[in-house]
Amino acid sequence: MYYKFSGFSQKLVGAVASAAYAPQGLKPLASTESPALIFGTPTKLASDSPAAVSYSGKNKVPDLQKLFQKADGLPVHLKRGVPDQLLYRTTMALTIGGTIYCLVALYMASQPKSKK
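Residues numbered from 1 in each chain as written. Predicted model: local features only at pLDDT ≥ 70, side-chain atom pairs only at ≥ 80, totals over all residues. Heavy atoms only, no water.

*Asks:* Would you mind going over the overall build of the protein with me for this structure?
*Replies:* Counting its secondary structure elements, the protein contains three helices and two strands. From first element to last, N terminus to C terminus, the protein shows the α and β order β-β-α-α-α. Taken across its 116 residues, the protein has 5% of its residues classed as buried. When contacts within the protein are restricted to residue pairs at least 6 apart in sequence, long-range pairs at least 24 apart make up 0% of them. Accessible area of the protein: about 11500 Å², with a carbon and sulfur share of 65%. (Helix = DSSP H or I, 4+ residues; strand = E, 2+ residues; numbered from the N terminus. Buried < 20%, exposed > 50% of the residue type's maximum accessible area, 1.4 Å probe, protein only. Contact = heavy atoms within 4.5 Å. Areas by Shrake-Rupley, 256 points an atom, 1.4 Å probe, with all protein chains shown as cover.)

Structure follows, in C-alpha cells:
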C-alpha cells in the first residue's frame, strides 16, 4: 500500500502508486533545453580582453613615499603644504563650531520655558 500526505486532514492517507510518487506541489521535471535568446548581441568574455591594461600616467607612489617619509617634524596629515593646512583648519573649525552649537542647544533645551 502507498501513502501520501493529505493537505486537508494533515495526516498520511492511503493512495495509489501514481499519486504517492507525484506529491502535491511538485511539478514534473523541467526541460533541459536552454531558453530562447532574448538579445542577439554577443557577450564579451573577460578572457577576450587584453591581458595588460596600459596606463600612460606617471607612477607617483615613489615620490609620495619620499615626501611622507622625510624627517622634517611635520605630522603626516600636514606634509603636503597649504592644501593640507586649509583642510585641517577647516575641519577643526567645523568640529569646534559643531561642539559649541550642540552645547548651546543642550543648554537651551534644559531651561524650562517661562509661562506668561
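What follows continues from the structure just given.
*Asks:* Just to check I follow, could you spell out a nonpolar patch on the surface for this structure?
*Replies:* A surface patch of nonpolar side chains, amounting to about 720 Å² of accessible area, comprises Tyr-88, Met-92, Ile-96, Ile-100, Val-104, Tyr-107 and Met-108. Mapped onto the secondary structure, Met-92 falls in helix 3 (residues 82–110). (Patch = residues over 30% accessible without salt bridge, like charges linked within 9 Å, V, L, I, M, F, W, Y side chains within 5 Å. Salt bridge = Lys/Arg side-chain N within 4 Å of Asp/Glu carboxyl O.)

*Asks:* Help me understand unusual backbone geometry in this model?
*Replies:* The general pattern is negative phi for most residues beyond glycine and trans for most peptide bonds. Positive phi, close to 60 degrees, is recorded for Gln-10, a residue that is not glycine. Its place among the elements puts Gln-10 in the loop between strand 1 (2–5) and strand 2 (12–15).

*Asks:* Can you walk me through the pairing of strand 2 in this structure?
*Replies:* Two faces, one strand: in a regular strand the side chains alternate between the faces of the sheet. Where strand 1 and strand 2 come together, four bridges link them in antiparallel fashion. Within strand 2, the position partnered with Tyr-2 by the bridge is Ala-15. Counting the residues that bridge the hairpin from strand 1 to strand 2 gives six residues, and of these Gln-10 lies at a positive phi of roughly 60 degrees. (Pairing = 2+ DSSP bridges.)

*Asks:* Can you walk me through helix 3 in this structure?
*Replies:* An α-helix turns once every 3.6 residues. As a result, residues three or four positions apart point the same way. Taking 1.5 Å of rise per residue, 29 residues should cover 42 Å, and helix 3 covers 42 Å from first to last C-alpha, within 8% of that figure. The buried fraction of helix 3 amounts to one of the 29 residues, a small share that puts the element mostly on the outside. (Expected span 1.5 Å × (residues − 1).)

*Asks:* Got a minute to help me understand the pattern of salt bridges in this structure?
*Replies:* Once the charged atoms of two side chains with opposite charge are near each other, the side chains can pair. Using the criterion set out here, one finds two salt bridges in the structure. Where Asp-63 meets Lys-58, a salt bridge forms, and the shortest distance between an N and an O atom there is 2.7 Å. We classify Lys-58 as exposed; its relative accessible area is 61%. Put simply, Lys-79 and Asp-72 hold a salt bridge, and the shortest N to O gap is 3.0 Å.

*Asks:* Quick question: what am I supposed to make of the side chain of Ser-6 here?
*Replies:* Among the structural elements, Ser-6 can be located in the loop between strand 1 and strand 2. Looking at Ser-6, its side chain comes within polar contact range of the main-chain nitrogen of Phe-8, at 3.3 Å. Once you skip the residues sitting within four places of it in the chain, Ser-6 turns out to touch Lys-11 and Val-13. (Polar contact = N/O pair within 3.5 Å; in protein donor to acceptor, adjacent residues only side chain to side chain.)

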